[in-house]
Amino acid sequence: DAGVIQSPRHEVTEMGQEVTLRCKPISGHNSLFWYRQTMMRGLELLIYFNNNVPIDDSGMPEDRFSAKMPNASFSTLKIQPSEPRDSAVYFCASSLLEGLGYTFGSGTRLTVV
Amino acid sequence: RKEVEQDPGPFNVPEGATVAFNCTYSNSASQSFFWYRQDCRKEPKLLMSVYSSGNEDGRFTAQLNRASQYISLLIRDSKLSDSATYLCVVIEPGGFKTIFGAGTRLFVKA
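All of these numbers come straight from a predicted model, not from anything done at the bench. (Residues numbered from 1 in each chain as written. Chains lettered and ligands numbered in written order. Predicted model: local features only at pLDDT ≥ 70, side-chain atom pairs only at ≥ 80, totals over all residues. Heavy atoms only, no water.)

Participant: Honestly, the sheet that holds strand 8 (residues 74-79) of chain A in this entry has me stumped. Any pointers?
Facilitator: Strand pairing in a sheet is mediated by backbone hydrogen bonds. Such pairs are either parallel or antiparallel. All names here are of chain A. Across the sheet, which stays open at both edges, the 4 strands sit in the order 1-3-8-7 with antiparallel pairing between neighbours. One side of each edge strand has no neighbouring strand; the edge strands of this open sheet are strand 1 (5-7) and strand 7 (65-71). Here the average twist between neighbouring strands, direction ignored, is 15 degrees. Two elements, strand 3 (residues 19-24) and strand 8, share 5 bridges in a ladder whose sense is antiparallel. Residue pairing for strand 8: Val 19 is matched across the bridge by Ile 79. (Pairing = 2+ DSSP bridges. Helix = DSSP H or I, 4+ residues; strand = E, 2+ residues; numbered from the N terminus. Axes fitted to C-alpha atoms, helices over the stretch in contact; angles between N-to-C directions.)

Participant: I'm lost on the state of the cysteines in this one. Help?
Facilitator: Here a disulfide denotes a covalent bond joining the sulfur atom of one cysteine to the sulfur atom of another. Enumeration according to the criterion identifies 2 disulfides over all chains in this entry. Bridging Cys 23 of chain A to Cys 92 of chain A, the disulfide has an S-S length of 1.9 Å. Across the S-S bond of Cys 23 of chain A and Cys 92 of chain A the torsion is about -65 degrees, and the bridge reads as left-handed. With a gap of 69 residues between them, Cys 23 of chain A in strand 3 and Cys 92 of chain A in strand 9 (residues 88-95) connect regions that are remote in the sequence. The pair formed by Cys 23 of chain A and Cys 92 of chain A is uniform in burial state, with each residue classed as buried. Two residues, Cys 23 of chain B and Cys 88 of chain B, share a disulfide whose sulfurs are 1.9 Å apart. Residues Cys 23 of chain B and Cys 88 of chain B are joined by a disulfide whose S-S torsion is about -65 degrees; by sign, that bridge is left-handed. With Cys 23 of chain B in strand 3 (residues 19-25) and Cys 88 of chain B in strand 9 (residues 84-91), this residue pair connects regions lying 65 residues apart in the sequence. By the burial criterion, Cys 23 of chain B is buried, and Cys 88 of chain B matches it. (Disulfide = S-S within 2.5 Å. Buried < 20%, exposed > 50% of the residue type's maximum accessible area, 1.4 Å probe, protein only.)

Participant: Would you explain the interface of chain B and chain A in this entry?
Facilitator: Interfaces are often described in size by the accessible area the parts lose on coming together. Residue-level contacts link 17 residues of chain B with 19 residues of chain A. Across the chain B to chain A interface the summed buried area is about 1600 Å²; carbon plus sulfur atoms make up 57%. Considering only the side of chain B, the residues that lose the most area to chain A are Glu 43, Phe 96 and Phe 100 of chain B, jointly responsible for 39% of the buried surface there. Counting across the chain B and chain A interface gives 0 salt bridges. The interface formed by chain B and chain A holds 3 residue pairs in polar contact (both at pLDDT 80 or more) in total. Elements that contribute at least two residues to the side of chain B that touches chain A include exactly strand 4 (32-38), strand 9 and strand 10 (98-100) of chain B. It is strand 4 of chain B that provides the largest number of residues to the side of chain B that touches chain A, a total of 4 residues. The residue inventory of the side of chain B that touches chain A, partitioned by class, reads 8 nonpolar, 5 polar and 4 charged. (Contact = heavy atoms within 4.5 Å. Buried area = accessible area lost by both parts, 1.4 Å probe. Salt bridge = Lys/Arg side-chain N within 4 Å of Asp/Glu carboxyl O. Polar contact = N/O pair within 3.5 Å; in protein donor to acceptor, adjacent residues only side chain to side chain. Nonpolar A, V, L, I, M, F, W, Y, C, P; charged D, E, K, R; others polar.)

So, in structure tokens, the structure goes:
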């Protein structure tokens, strides 16, 4: 089991550029979650999917953020245009069943300059 | 009131000490509860689930008190390797929305 795989591990980009973060959940897990973590705000749930369908995107901060899950093995989180305040660690997590614990990926450390 | 609240610490304890963390939650209908551990610059990892009947895993014991709406984590015989941030997690009714506490930092020193 390779776990939840995220890419890239690190991303440094200039303000205004588009950023795409990628996630491959654990095979067979039907729930996928995107989180953002900063020192100031801790872990914030951005959006979650169940069976590839977005269930709740109320945590997505602005229209600049969008997420997709075209199939059970892949999801993207896109920021366009990026801003310095988007700098954070973005985690993807997956879960087999609702109510069970998650497995997190290693995260993408995003720096927008 | 925050949905999930934890004492941020830090808790500084010597090796071998017993340390306990509490976490309170605001939604009495919350369904499931967990403790996660996060090491510096790493992802959170599931430590243990929390049940009303209590849950013990080696040196770690987790308890849920629904009446008072808090969960606790007890670590006995602390090791240097226990140094980390401990995150309390509550799953809302419906089973999907998960709320993480801000975490409690623990430093175990020799």
